[in-house]
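What follows is each chain in one-letter form.
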Amino acid sequence: MENETIKIGLIGVGRAGYGMHLPEVLATDGKFDFAAVCDIDPARRDVFEKRLGHPVKFYSDVSALLQDPDVEMVSVATPSNFHTPHAIAALNAGKYVFIEKPIATSYAEALNLAKVAGQYPGKLFLRHNRRFSVEISKFREIIDSGILGEIFEIRFRIMNYDRRADWQAITECGGGLLNNWGPHLIEHALYFLDAPVKRSFSRLCKVAAAGNAEDHFNIILEGTNSRLIDIEVSGGCALSEPMYSFYGSRGACSCNDRRTIHLKYLDPGQPLAPLTAVADTPPLDASFGQSEKLRWIEKEVIAERPAGNGCAIWQCLYDSIRFGKAYPITIEQGLEVVKIIDTAKRGTQFEQTFKR
Ligand SMILES: NC(=O)c1ccc[n+]([C@@H]2O[C@H](COP(=O)([O-])OP(=O)(O)OC[C@H]3O[C@@H](n4cnc5c(N)ncnc54)[C@H](O)[C@@H]3O)[C@@H](O)[C@H]2O)c1
């Protein structure tokens, strides 16, 4: 069993199932393979098989896939409102479960999932895949190295102008940018906050998309360490800002392509002499009475993707299922993410649709 391929039953052959799970699995060197897929659209079988390179069993009904003894693990990649029910059904069928984000569309639903998962220890795995991205480890390395000093503010931005009109624009389908991008960025926020959340602010609105779900949100979290995380995700902003920015007491870094990290920080070899503010009128040369020359270091660091990147999460999944190693994202962390999304939704009555 130890080195045996883990046979997947994929539910949902869409942008995530076909566009991400499939190529990522193909890059796992046989650690994973697909035994079966399930989709309500039968036309998806052919395209899936063509890319996979061998035949798979195809089901149009989830319960039939769950009864298939060749399926050891179920990947849940259906629209978001189906994640919890499909994951619970798969757990009850005795399968390992790899659940797409969001793990649930409400905190109550997430608590129910956690309760069922508690009956099947070590069977449920959360696909918070962005935690496994190289740029995230690089940011962690940079922060922990201390070159930026104490981090006081972090900003995450995903900004587009997108007149979206699919199920992701419809609340009843689990749509909305909070369910879509929220899990990734709130997971990152909790990872980088390095302290419990002290207070939070949120705003949801709709700018450009169709449907009734938010296509713009802001969430600000402040930790008990006074670090602030400012998240803005929008389908209604025609101009963008850097995707990731970290500000510390000795420098900052930002990244907009998940690869090139721009760093500007004070030379660690330059001690900063204590300064005393004086109330005198400053000179006219705009120096504010300061003769100190700050020695800045500016450079770019590349978060290089190793070959087969995208596999890191699958490797961890394999090591957990086959060798019992701890999986980096716990169910408790997943619950915390949904709780923050739920709080943001409940704390905001959004009726505003801006005129176009
Ligand atoms: N982790 C990531 O980076 C990432 C990226 C994209 C999407 N996702 C998540 O994946 C999920 C799916 O998103 P998507 O963009 O692939 O959606 P999609 O609409 O492209 O695909 C969903 C697929 O599920 C099928 N489906 C719908 N109801 C079904 C049912 N009851 N039984 C079986 N199949 C059913 C649809 O026919 C479709 O093929 C979302 O919840 C999204 O949050 C995650």
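This text follows the structure it describes.
Before going into details, it helps to say that this report is about the structure given with it. Just so you know, these numbers come straight off a predicted model, no measurement behind them.

1. Here's the deal with the sheet that holds strand 14 (residues 296–302)
Strand order in this open sheet of 8 strands is 8-9-10-7-11-12-13-14, and the pairing throughout is mixed. The strands lining the two open edges of the sheet, one partner per strand, are strand 8 (197–205) and strand 14. Pairs of neighbouring strands in the sheet enclose a mean axial angle of 10°, with direction left out of account. Of the pairings in the sheet, the one linking strand 8 to strand 9 (residues 216–223) comprises 8 bridges and is antiparallel in character. Considered in strand 9, the bridge of Arg199 is made with Glu222. The strands touched by helix 8 (residues 182–193) within the sheet are strand 7 (151–159), strand 8, strand 9, strand 10 (228–234) and strand 11 (244–248), with strand 10 carrying the most contacts at an inclination of about 170°. Contacts from helix 10 (residues 331–346) reach strand 8 and strand 9, with the element oriented near 55° to strand 8.

2. Digging into the environment of Ile186
Looking at the secondary structure, you find Ile186 in helix 8. Using a relative accessible area of 0% as the deciding quantity, one classes Ile186 as buried. Remark: the alpha-carbon pair of Ile186 and Ile219, spanning 33 residues in sequence, is separated by 8.8 Å. Among residues more than four places away in sequence, those in contact with Ile186 are Ile219, Ile231, Val337, Ile340 and Ile341.

3. What to know about the nonpolar core
Phe32, Phe34, Phe48, Met73, Ile99, Trp314 and Leu317 are the most contacted members of the largest nonpolar core, which totals 54 residues. In terms of residues, this core owes the most to one element, strand 2 (residues 32–38), which gives 6 residues. When residues no more than four places from it in sequence are discounted, the contact partners of Phe34 are Ile8, Leu10, His21, Leu22, Val25, Phe48, Leu52, His54 and Val56.

4. Observations regarding the packing of helix 1 (residues 17–26) against helix 2 (residues 44–52)
Contact geometry of helix 1 with helix 2 gives a least axis separation of 10 Å together with a crossing angle of 25°. Considered as vectors, helix 1 and helix 2 are oriented roughly parallel to each other. For helix 1 against helix 2, the interelement crossing comes out right-handed. Counted together, Gly17, Tyr18, Gly19, Leu22, Pro23 and Leu26 of helix 1 and Val47, Phe48, Arg51 and Leu52 of helix 2 form the full contact between these two elements. Residues of the contact of helix 1 with helix 2, tallied by class, amount to 7 nonpolar, 2 polar and 1 charged.

5. Some details on the pairing of strand 4 (residues 73–76)
Residues Met73 and Ser75 of strand 4 are buried on one face, and the alternating residues Val74 and Val76, pointing to the opposite face, are buried as well. Bridge analysis of strand 1 (residues 6–11) against strand 4 gives 4 bridges, and the strand direction is parallel. Bridge pairing in strand 4 links Gly9 to Val74. With 4 bridges joining them, strand 4 and strand 5 (residues 96–100) adopt parallel strand pairing. Bridge pairing in strand 5 links Val76 to Ile99.

6. Structural notes on the sheet that holds strand 1
What the 6 strands build is an open sheet, ordered 3-2-1-4-5-6; its pairing is parallel. In the strand order of this sheet, the two ends are held by strand 3 (57–59) and strand 6 (124–127), each with one partner. On average, each strand axis in the sheet is inclined to that of its neighbour by 25°, with strand direction left out of account. Across 3 bridges, strand 2 lies against strand 3 in parallel orientation. For Cys38, the partnering residue across the bridge sits in strand 3 and is Tyr59. Strand contacts of helix 2: strand 1, strand 2 and strand 3, with the helix running at about 170° to strand 2, the strand carrying the most contacts.

Rules used throughout
- Sequence order as written defines residue numbering, which begins from 1 separately in each chain.
- The model is predicted, so local features are restricted to residues of pLDDT at least 70 and side-chain atom pairs to those at 80 or more, both for listing and for counting; the totals for chains, interfaces and linings are taken over all residues.
- Think of the side-chain values as coming from all heavy atoms in the structure, minus any hydrogens and water.
- The criterion for strand pairing is that DSSP finds at least two bridges linking the strands in question.
- Helix and strand definitions here come from DSSP, where helices need a minimum of 4 consecutive H or I residues and strands a minimum of 2 consecutive E residues; each element is numbered from the N-terminal end.
- Every axis in this analysis is a line fitted to C-alpha atoms, fitted for helices over the stretch in contact. Angles between the N-to-C directions lie between 0 and 180 degrees.
- Contacts between residues were defined by any pair of non-hydrogen atoms, one from each residue, lying within 4.5 Å.
- Between buried and exposed lies partly exposed: a residue is buried under 20% and exposed over 50% of the maximum accessible area for its type, with that area taken using a 1.4 Å probe on protein chains only.
- Remark: nonpolar core denotes a set of buried residues (Ala, Val, Leu, Ile, Met, Phe, Trp, Tyr, Cys) joined through side-chain atoms within 4.5 Å.
- Angles below 35 degrees are treated as roughly parallel, those above 145 as roughly antiparallel, those between 65 and 115 as roughly perpendicular, and all remaining angles as oblique.
- Each helix crossing is assigned a hand: it is left-handed if the near helix lies turned anticlockwise from the far helix by less than a right angle, otherwise right-handed if that turn is clockwise.
- Lys, Arg, Asp and Glu make up the charged group, whereas Ala, Val, Leu, Ile, Met, Phe, Trp, Tyr, Cys and Pro make up the nonpolar group; the residues left over, Gly among them, are polar.

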